[in-house]
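What the coordinates show
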Amino acid sequence: MLTTVDHPLIQHKLSLMRDARTGVKEFRELAGEVSLLLAYEAMRDLELTSARFATPVVEGEFPVLGGKKLALVALLRAGLVMTEAITGLVPAAKVGHIGMYRDPQTLTPVTYYSKLPGDIAARQVFLTDPMLATGGSAVAALSTLKEAGAKQIKLMCILAAPEGVAAVREAHPDVPILTAALDDGLNDHGYIVPGLGDAGDRIYGTK
Ligand SMILES: O=P(O)(O)OC[C@H]1O[C@H](OP(=O)(O)OP(=O)(O)O)[C@H](O)[C@@H]1O
Ligand SMILES: O=c1cc[nH]c(=O)[nH]1
Ligand SMILES: [Mg+2]
């Protein structure tokens with residue numbers, strides 16, 4: 001399932017991210033803000049239970065999170081800024097990291113790191129990566145998560161290309177995808193069009 005979260009605040013902030021004139025500091029802040037807004041939607045179906053306590057006025061039953069514990073997994077580098085923002089909302093979530101870069105010639109992902117919570121099988125997992133382009137990186141990262149035992153996973157990205165959505169759907173049809181926008185496609189270098197450029201480079205000021 002693909003959900004495009006087209007809230008006006010997200011769309012406005014995404015347009016600022018797309019603008020080539022936006023510098024590193026602002027881009028990084030915007031990526032964090034869009035991630036928080038995406039998380040609001042991605043976590044809409046978290047289970048609630050109730051707790052009994054007294055407000056300053058009266059005693060009662062009140063809703064509190066009660067379902068599976070959460071894990072946020074950052075696909076490095078660019079996904080890191082997303083998990084760091086989202087931990088502000090869900091500070092009890094455990095955080096995992098999968099390090100992967102896309103070979104510029106072959107566009108296939110190369111994995112260089114993986115560190116996941118030991119109890120990931122029992123957690124609701126949110127994989128974060130701003131860019132879903134060919135989908136090679138997300139498909140490989142989702143396989144890594146499933147090999148580690150993860151069963152309930154959502155993929156959160158800021159921009160998706162139809163090619164990447166199709167690749168994830170094909171390899172991992174059980175994984176819902178949330179994105180701020182579905183763009184037109186990919187150029188000859190595998191960049192999303194119109195896109196926002198190389199997310200990692202724009203967040204960290206490399207290149
Ligand atoms: O869907 P794909 O075609 O696999 O491309 C998407 C990947 O490309 C970017 O990472 P990149 O390889 O640039 O690594 P970086 O975060 O270290 O810059 C992006 O953050 C995704 O992980
Ligand atoms: O447009 C793209 C495609 C892959 N990775 C990026 O960072 N940007
Ligand atoms: Mg990059």
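Values in this document were obtained by computation on a predicted structure and should not be read as measured data. (Residues numbered from 1 in each chain as written. Chains lettered and ligands numbered in written order. Predicted model: local features only at pLDDT ≥ 70, side-chain atom pairs only at ≥ 80, totals over all residues. Heavy atoms only, no water.)

1. Brief notes about the coordination of the magnesium ion (ligand 3)
Each pair of donors in an ideal octahedron of six around a metal sits at 90 or 180 degrees, and each pair in an ideal tetrahedron of four sits at 109.5 degrees. Filter applied, for reference: For Na, K and Ca the donor cut-off is 3.2 Å; for every other metal, N, O and S atoms count as donors within 2.8 Å. Water does not enter the count, which can leave sites looking incomplete. Secondary structure follows DSSP: runs of H or I at least 4 residues long count as helices, runs of E at least 2 residues long count as strands, and numbering of each begins at the N terminus.
The magnesium ion (ligand 3) binds to the protein through D198 (OD) and D198 (OD), with metal-donor distances spanning 2.5 to 2.6 Å. Turning to its location among the elements, D198 is positioned in the loop between β12 (192–193) and α6 (199–204).

2. As for the confidence of the model for the protein
The condition is simple: Within a predicted model, pLDDT stands for the predictor's per-residue confidence, ranging from 0 to 100.
Within the protein, residue pLDDT values average 97, and 100% of them lie at 70 or more. Listed scores for the predicted complex are pTM 0.97 and ipTM 0.97.

3. Regarding helix α3 (residues 79–86)
Put simply, the rule is: Classification of residues uses two cut-offs on accessible area relative to the type maximum, computed with a 1.4 Å probe and protein chains only: under 20% is buried, over 50% is exposed, and between them is partly exposed. The contact criterion used throughout is that any non-hydrogen atoms of two residues lie within 4.5 Å.
Within α3, six of the eight residues are buried, which leaves the element mostly enclosed by the surrounding structure. Inspection of α3 places G79, V81, M82, T83, A85 and I86 among the buried residues, and these make up the whole buried set. Looking at the buried residues of α3, the elements they touch are α2 (24–42), β4 (69–76), β5 (94–102), β7 (123–128), β9 (152–160) and α6.

4. So, the environment of G195
Tracing the sequence through the fold places G195 in the loop between β12 and α6. As a C-alpha pair, G195 and I158 span 37 residues in sequence and 9.9 Å in three-dimensional space. Residues contacting G195, with those up to four places away along its chain left out, are R18, L159 and D183.

5. Side note on the site of ligand 1
Put simply, the rule reads: Only a single heavy atom is needed: when it lies within 4 Å of a molecule or strand, its residue is near that molecule or strand. Any N or O atom pair separated by 3.5 Å or less is treated as a polar contact, with the protein-specific requirement of one donor-capable and one acceptor-capable atom, and with residues adjacent in sequence counted only for side-chain atom pairs. In this description, accessible areas are obtained by the Shrake-Rupley approach with a 1.4 Å probe, and a residue is regarded as covered only by the protein chains that are shown. Here a cavity denotes a set of grid points, spaced 1 Å apart and computed over the protein atoms alone, in which a 1.4 Å probe fits but from which it cannot get out, and a pocket denotes an open set meeting protein on both sides within 12 Å along at least five of seven lines; residues with an atom within 4 Å of a point are reported as lining. A molecule is said to be in a cavity or pocket once over half of its atoms fall within 2 Å of that pocket's grid points.
Around ligand 1, a shell composed of 16 residues is seen, among which R102, D129, T134, G135 and S137 lie nearest. Measuring from an oxygen atom of ligand 1, one finds a side-chain N or O atom of R77 at 2.8 Å. Taking T134, its side chain carries an N or O atom lying 2.5 Å from an oxygen atom of ligand 1. For ligand 1, whose free accessible area comes to 500 Å², the fraction covered by protein is 92%. More than half of the atoms belonging to ligand 1 lie within 2 Å of the grid points that define the largest pocket. Among the elements of the structure, β5, β8 (131–132) and α4 (136–147) are those that each provide at least two residues to the shell around ligand 1. Considering each element in turn, the shell around ligand 1 owes the most residues, three residues, to β5.

6. Some points on the nonpolar core
Stated precisely, the cut-off is as follows: Residues belong to one nonpolar core when they are buried, are Ala, Val, Leu, Ile, Met, Phe, Trp, Tyr or Cys, and are joined through side-chain atoms within 4.5 Å.
Grouped together as the largest cluster of nonpolar side chains are 35 residues, with contacts concentrated most on M17, L38, M43, F126, M156, I158 and L196. Those elements that place two or more of their residues in this core are α1 (8–18), α2, β4, α3, β9, β10 (177–182) and α6. The element best represented in this core is α2, accounting for seven residues. When residues no more than four places from it in sequence are discounted, the contact partners of M156 are S35, L38, A39, A42, M82, I86, F126, L127, T128, D129 and L178. Among the nonpolar cores identified, the runner-up in size contains 24 residues, and A71, V73, V139 and A141 belong to it.

7. Some thoughts on the layout of surface pockets
Our working rule: Grid points are joined across faces, edges and corners, and a volume is the space filled by probe spheres set on the points. Lys, Arg, Asp and Glu make up the charged group, whereas Ala, Val, Leu, Ile, Met, Phe, Trp, Tyr, Cys and Pro make up the nonpolar group; the residues left over, Gly among them, are polar.
Of the pockets and cavities examined, the largest pocket occupies roughly 690 Å³. Considering the residues around the largest pocket, the lining is formed by 30 residues, among which Y101, R102, S137, Y191 and D198 are closest to the centre. Taken together, the elements giving at least two residues each to the lining of the largest pocket come down to β4, β5, β6 (109–115), β8, α4 and α6. Across the lining of the largest pocket, the residue classes tally to 16 nonpolar, eight polar and six charged. A volume near 360 Å³ is recorded for the second largest pocket. Forming the boundary of the second largest pocket are 17 residues, of which L65, G67, K68, K69 and L70 lie nearest the centre. Put simply, the parts of the chain that give the lining of the second largest pocket at least two residues each are β4 and β7. Its residues assigned to classes, the lining of the second largest pocket shows eight nonpolar, four polar and five charged.

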